Amino acid sequence: MARRAAAPARPLGDDFSFVSPVVKYVLFFFNLLFWMISMVMVAVGVYARLLKHAEAAMACLAVDPAILLIVVGILTFLITFCGCVGSLRENICLLQTFSVCLTVVFLLQLAAGVLGFVFSDRARGKVSEIINGAIVHYRDDLDLQNLIDFGQKEFSCCGGVSYKDWSQNMYFNCTATNPSRERCSVPFSCCLHDANQTVVNTMCGHGMQDKGYLEASAFIYTNGCIDKLVNWIHSNLFLLGGITLGLALPQLVGIVLAQLLINQIRDQIKLQLYNQQHRADPWY
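Conventions we followed
Residues numbered from 1 in each chain as written. Predicted model: local features only at pLDDT ≥ 70, side-chain atom pairs only at ≥ 80, totals over all residues. Heavy atoms only, no water. Disulfide = S-S within 2.5 Å. Helix = DSSP H or I, 4+ residues; strand = E, 2+ residues; numbered from the N terminus. Buried < 20%, exposed > 50% of the residue type's maximum accessible area, 1.4 Å probe, protein only. Axes fitted to C-alpha atoms, helices over the stretch in contact; angles between N-to-C directions. Parallel < 35°, antiparallel > 145°, perpendicular 65-115°, else oblique. Left-handed = near helix turned anticlockwise from the far one by under 90°. Contact = heavy atoms within 4.5 Å.

(A) Inspection of the state of the cysteines at higher detail. Tallied over the full model, the rule gives four disulfides. Disulfide pairing places Cys158 opposite Cys190 at an S-S distance of 2.1 Å. Given an S-S torsion of about 80°, the disulfide between Cys158 and Cys190 has right-handed geometry. A residue pair is termed long-range when its members are at least 10 positions apart, and Cys158 in the loop between α6 (142-155) and α7 (213-216) and Cys190 in the loop between α6 and α7 qualify at 32 residues. The exposure classification of Cys158 matches that of Cys190, with both residues buried. Across a sulfur-sulfur distance of 1.9 Å, Cys191 and Cys204 are joined as a disulfide pair. Here Cys191 and Cys204 share a disulfide; its torsion about the S-S bond, 105°, makes the bridge right-handed.

Shown next, in the form of structure tokens:
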């Protein structure tokens, strides 16, 4: 009795899909969350920017926290938009764009951390340059002013290298020709904190730049914020490492999910092409 020829394997049905709904919608809601956060960041940044005077906005453009918030918000919005639409529509092009952008951001963060560690002296010089620029524009931008005051109070410091750095500001400048009432003074955030004081004396730093280090140290913080910041970083390396890992982990999760979904979509496309090619097969 002749053996019957074995029938070829039948292609998978049209209702079968390699694309996992779990991967697809986890990636979608992951991007949706950060997409909404980015819109809030842009809205807050624009609102803070519009509240400022035009002259002040142009004067301290390079150190304006509102501009930084807007730029980061827009970049996050564009990247997560690609992830949202790409995952929902199963679009390989958008998912690849999302994955590549996220990878570039992650590598830039990694490179910045490594370069900051290797070239710590140059990084210190850059930080000093930023702080000095902030001191110059202290009175020009209320947000910047509040940020500097917060930093000086939290780190118990004054100025960049020392309290005399405040002479770089036109209002606190210590030259004899300066007509400002704040001549040779420092901001009140440089003053030593008195626990029994209920009302803040905003004039406590008046004339402190005219005094020597020992005499001034009885009233204000004389050490600069750069050394304080470096010492704080050295003593909180584990905390900073945890924060860095917390920022990097969502990026890695997004990259892995995007690549996984891309591979599933490609398998699904191959399946559809296979089914189309075999529909004319008499054994189908």
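Read on, since the account is not over.
(B) Structural detail: the packing of helix α1 (residues 21-50) against helix α9 (residues 237-278). Two numbers describe how α1 lies on α9: the axes approach to 10 Å, and their chain directions differ by 140°. Comparing the axis directions of α1 and α9 gives the class oblique. In this structure, α1 meets α9 at a crossing whose hand is left-handed. Residues Val23, Lys24, Val26, Leu27, Phe30 and Phe34 of α1 pack against Pro250, Gly254, Leu257, Ala258, Leu260, Leu261 and Gln264 of α9.

Everything listed is a geometric property; what it means functionally is a separate question.
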